[in-house]
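# Overview (structure and organization)
If you want the building blocks of each chain, they are given just below.
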Amino acid sequence: MKKIEAFIRHEALEAIHEALVERGLPSMTVSEVKGSGRQKGFTEKYRGVGKSVFLRPKLKLEIAVDDADLERAIDCILELAHTGQPGDGKIFVFDIEEAIRVRTGERGAIVLEPHLD
C-alpha cells in the first residue's frame, strides 16, 4: 500500500476528484495548506501598503492506494494538475505499513476498498 500526498492548485481539485472516482479511487482527504517552493513570493498592495507574500495557498490531497493502483492515481493527478506554470505542485509517495478500519477492525489492503454503508 502507498500514500500519495499531492500539493495542487485549488482549481484542479474538482477535475482530479472526478477522474479518480471514475478510475475506482474515490477516497481522499483534502486539506487547505500554505507553502513555498521554488517559486518566489510576490508583493501585493492593500490600502496602499505593500505586503510581501511568500506562502502560497494550495490544497493537499492525501490518497491511500493499493500498489497496483499507484501509477493510475499519479498519472491522473499529473494530467489534471499540470498547467506548465510555476506552482503546479508536487507529489510525494510513501509506503504504508498497515491500514486499519476503525469501525470493523479490518486490516490490510481491504481497508482501501470503498464500503457501500
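These numbers come from a predicted model, not from an experiment.

Conventions adopted
Residues numbered from 1 in each chain as written. Predicted model: local features only at pLDDT ≥ 70, side-chain atom pairs only at ≥ 80, totals over all residues. Heavy atoms only, no water. Core = buried A, V, L, I, M, F, W, Y, C linked by side-chain atoms within 4.5 Å. Buried < 20%, exposed > 50% of the residue type's maximum accessible area, 1.4 Å probe, protein only. Helix = DSSP H or I, 4+ residues; strand = E, 2+ residues; numbered from the N terminus. Contact = heavy atoms within 4.5 Å. Salt bridge = Lys/Arg side-chain N within 4 Å of Asp/Glu carboxyl O. Pairing = 2+ DSSP bridges. Axes fitted to C-alpha atoms, helices over the stretch in contact; angles between N-to-C directions. Arc of directions from axis to C-beta. Parallel < 35°, antiparallel > 145°, perpendicular 65-115°, else oblique. Left-handed = near helix turned anticlockwise from the far one by under 90°. Nonpolar A, V, L, I, M, F, W, Y, C, P; charged D, E, K, R; others polar. Phe/Tyr/Trp six-rings, centres within 6.5 Å; stacked < 30°, edge-to-face > 60°.

## Re the nonpolar core
Formed by 18 residues in total, the largest nonpolar core has its most connected members in Ile 4, Ile 8, Ile 16, Leu 20, Ile 63, Val 65 and Ile 77. When contributions to this core are tallied by element, the ones reaching two or more residues are strand E1 (2–8), helix H1 (13–22), strand E5 (56–65) and helix H2 (70–81). Per element, the largest residue contribution to this core is six residues, and it comes from H2. Contacts of Ile 16, omitting those with residues within four sequence positions, involve Ile 8, Leu 61, Cys 76, Ile 77, Leu 80 and Ala 81.

## Re the pattern of salt bridges
A complete count under the given rule lists eight salt bridges for this structure. Ionic pairing is found between Lys 2 and Asp 95, a salt bridge with its closest N-O pair at 2.3 Å. Of this pair, Lys 2 sits in strand E1 while Asp 95 sits in strand E6 (residues 90–95); the two residues are 93 residues apart in sequence, bridging distant segments of the chain. The salt bridge partner of Glu 5 is Lys 3, with a shortest N-O separation of 3.1 Å. Ionic contacts of the salt-bridge type, sharing partners, join the residues Lys 3, Glu 5, Lys 60 and Glu 62 into one network.

## Points about the sheet that holds E6
Spatial ordering of the open sheet is given by E2-E5-E1-E6, a layout of four strands whose pairing is antiparallel. Strands at the two margins of the open sheet, each flanked by one partner only, are strand E2 (29–35) and E6. Across the sheet, the axes of successive neighbouring strands diverge by a mean angle of 25 degrees, strand direction being ignored. As defined by bridge partners, E1 adjoins E5 across seven bridges and the pair is classed as antiparallel. Pairing of Lys 2 across the sheet is with Val 65, part of E5.

## A word on H1
Among all positions in H1, only Ile 16, Ala 19 and Leu 20 are buried. Buried residues of H1 fall within an arc of 100 degrees about the axis and therefore sit on the same side. Residues Glu 14 and Glu 22 are exposed on H1 and point more than 90 degrees away from its buried face. Check the buried side of H1 and you find it contacts E1, E5 and H2. Positive backbone phi, approximately 80 degrees, marks Gly 24, located one or two places after H1.

## Some words on the packing of H1 against H2
Where H1 contacts H2, the axes come no closer than 9 Å and their chain directions differ by 150 degrees. For the element pair H1 / H2, the angle class is roughly antiparallel. Where H1 crosses over H2, the two elements pack in a sense that is right-handed. For the pair formed by H1 and H2, the contact residues are Ala 15, Ile 16, Ala 19 and Leu 20 on the first element and Ala 73, Cys 76, Ile 77, Leu 80 and Ala 81 on the second. When the residues that make up the contact of H1 with H2 are grouped by side-chain class, the tally is nine nonpolar, no polar and no charged.

## Points about the packing of aromatic side chains
One pass over the structure, following the stated rule, counts one aromatic pair. Considering the side-chain rings of Phe 7 and Phe 92, the 6.1 Å spacing of their centres and the 80 degrees angle between planes classify their relative orientation as edge-to-face. Of the two residues, Phe 7 is situated in strand E1 and Phe 92 in strand E6; the sequence distance between them amounts to 85 residues. On the accessibility criterion, Phe 92 (37% relative accessible area) is partly exposed.

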